[in-house]
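# A closer look at the structure
Chain residues, written in single-letter form:
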Amino acid sequence: MNTDKIYAEHVANQYAPKQDSKVKALKRLDAKAKQPSFIFALTFGIIASLLLGTAMSLCMGVIGPNNTTSMLVGILVGLIGIAGMCVNYPIYKKMLTKSKNKYAADIISLAKEISDEE
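Overview of the structure. The structure presented is a predicted model; accordingly, all values stated were derived computationally and were not measured. (Residues numbered from 1 in each chain as written. Predicted model: local features only at pLDDT ≥ 70, side-chain atom pairs only at ≥ 80, totals over all residues. Heavy atoms only, no water.)

## Some thoughts on the overall build of the protein chain
In plain terms, the rule: Numbering of helices and strands runs from the N terminus; a helix is a DSSP stretch of H or I covering at least four residues, while a strand is a stretch of E covering at least two. Our radius of gyration looks at C-alpha atoms and nothing else; its globule reference is 2.2 Å times the residue count to the power 0.38. Relative accessibility decides the category of a residue: with a 1.4 Å probe and only protein chains considered, values under 20% of the type maximum give buried, values over 50% give exposed, and everything between is partly exposed. Note on contacts: a residue pair is in contact if any heavy atoms of the two residues lie within 4.5 Å. Within this scheme the basic residues Lys and Arg register as positive and the acidic residues Asp and Glu register as negative, but His and the chain ends are omitted. Here the site of a charge means atom NZ of a Lys, CZ of an Arg, CG of an Asp or CD of a Glu.
Broken down by element type, the protein chain carries three helices and zero strands. Starting at the N terminus and walking to the C terminus, you meet the elements of the protein chain as α-α-α. Its C-alpha radius of gyration of 25 Å places the protein chain more than 25% over the 13 Å reference for a compact globule of 118 residues. Dimensions of the protein chain along its principal axes, counting C-alpha atoms only, are 75 × 45 × 20 Å. Looking at the protein chain residue by residue over its 118 residues, the buried ones come to 19%. A fraction of 78% describes how many contacts in the protein chain between residues 6 or more apart in sequence connect residues 24 or more apart. Side chains of the protein chain carry 14 positive and 9 negative charges; the gap between the two charge centres is 12 Å.

Printed below as a string of structure tokens:
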């Protein structure tokens, strides 16, 4: 086996123009439709859970002074965090549906082209 030849072909393939297939385009469109809602849900969920964790720490007196005011602030912040976690999934589903409807025509036509070729 000639390793120099294999290495040369590998390097040449990296610089050769790439052929873009319809399946790759379909995958890109699918990701383009799903990714924004996923990123939003992940970010919003992390923020809501951090709020809830901060609230728990305030209520237990781990951070801040251990008094009634700290407890009340912790309860209010905790309720905001819980509310954020409760609405995260419905917001995600709504954003995903809206995004899928936006790209549905392109995805369906490209999928039809791919299935008709075979």
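## Points about helix H3 (residues 68-117)
Quick reminder of the rule: Each residue after the first adds 1.5 Å to the expected span of a helix. Two axes are fitted around each residue, one to the seven residues ending there and one to the seven starting there, and the angle between them is reported as the bend at that residue. Counting of polar contacts relies on pairs of N or O atoms within 3.5 Å, with two restrictions inside protein: one atom must be capable of donating a hydrogen and the other of accepting it, and residues adjacent in sequence are counted only when both atoms are side-chain atoms.
In this model H3 runs 70 Å from its N-terminal to its C-terminal C-alpha over 50 residues, within 8% of the 74 Å that 1.5 Å per residue would give. The principal kink in H3, of about 50°, is found at Tyr103. Looking only at H3, the buried set comprises Ser70, Gly74, Val77, Gly78, Gly81, Gly84, Asn88, Leu96, Ser99, Tyr103, Leu110 and Ile114. Of the surrounding elements, those touching the buried residues of H3 are helix H2 (22-60). The N-cap of H3, judged by a side-chain oxygen 3.3 Å from the amide nitrogen of Thr69 a few residues on, is Asn67.

## Re the pattern of salt bridges
Condition: The rule for a salt bridge is simple: a side-chain nitrogen of Lys or Arg has to be within 4 Å of a carboxyl oxygen of Asp or Glu.
What the rule picks out here adds up to two salt bridges. One salt bridge in this structure joins Lys22 and Glu113, with 3.1 Å as the shortest N-O distance. Of this pair, Lys22 sits in helix H2 while Glu113 sits in helix H3, and the two are 91 residues apart along the sequence. Where Asp30 meets Lys34, a salt bridge forms, and the shortest distance between an N and an O atom there is 3.4 Å. Here the residue Asp30 and the residue Lys34 both occupy positions in helix H2, the gap between them amounting to four residues, near one helical turn.

## Describing the nonpolar core
The criterion, for reference: Definition used in this section: a nonpolar core is a set of buried Ala, Val, Leu, Ile, Met, Phe, Trp, Tyr and Cys residues joined via side-chain atoms within 4.5 Å.
Ranked by size, the top nonpolar core spans six residues in total: Ala25, Leu29, Ala33, Tyr103, Leu110 and Ile114. Of all the secondary-structure elements, those providing two or more residues to this core are H2 and H3. Setting aside residues up to four positions removed in sequence, Leu29 forms contacts with Tyr103, Asp106, Ile107 and Leu110.

## Description of the packing of aromatic side chains
Each aromatic ring pair is characterised by the separation of its centres together with the angle its planes make. This is how the line gets drawn: The aromatic pairing rule takes the rings of Phe, Tyr and Trp, using the six-membered ring of Trp, and pairs them if the centres are within 6.5 Å, calling planes under 30 degrees apart stacked, those over 60 edge-to-face and the rest tilted.
For the coordinates displayed, the defined rule picks out two aromatic pairs. With a centroid separation of 6.1 Å and an interplanar angle of 35°, the aromatic rings of Tyr89 and Tyr92 are classed as tilted. Placement of both Tyr89 and Tyr92 in helix H3 is noted, with a separation of three residues, approximately one turn of the helix. For Tyr89, a relative accessible area of 54% gives the class exposed. Under the relative-accessibility criterion, Tyr92 is labelled partly exposed at 22%.

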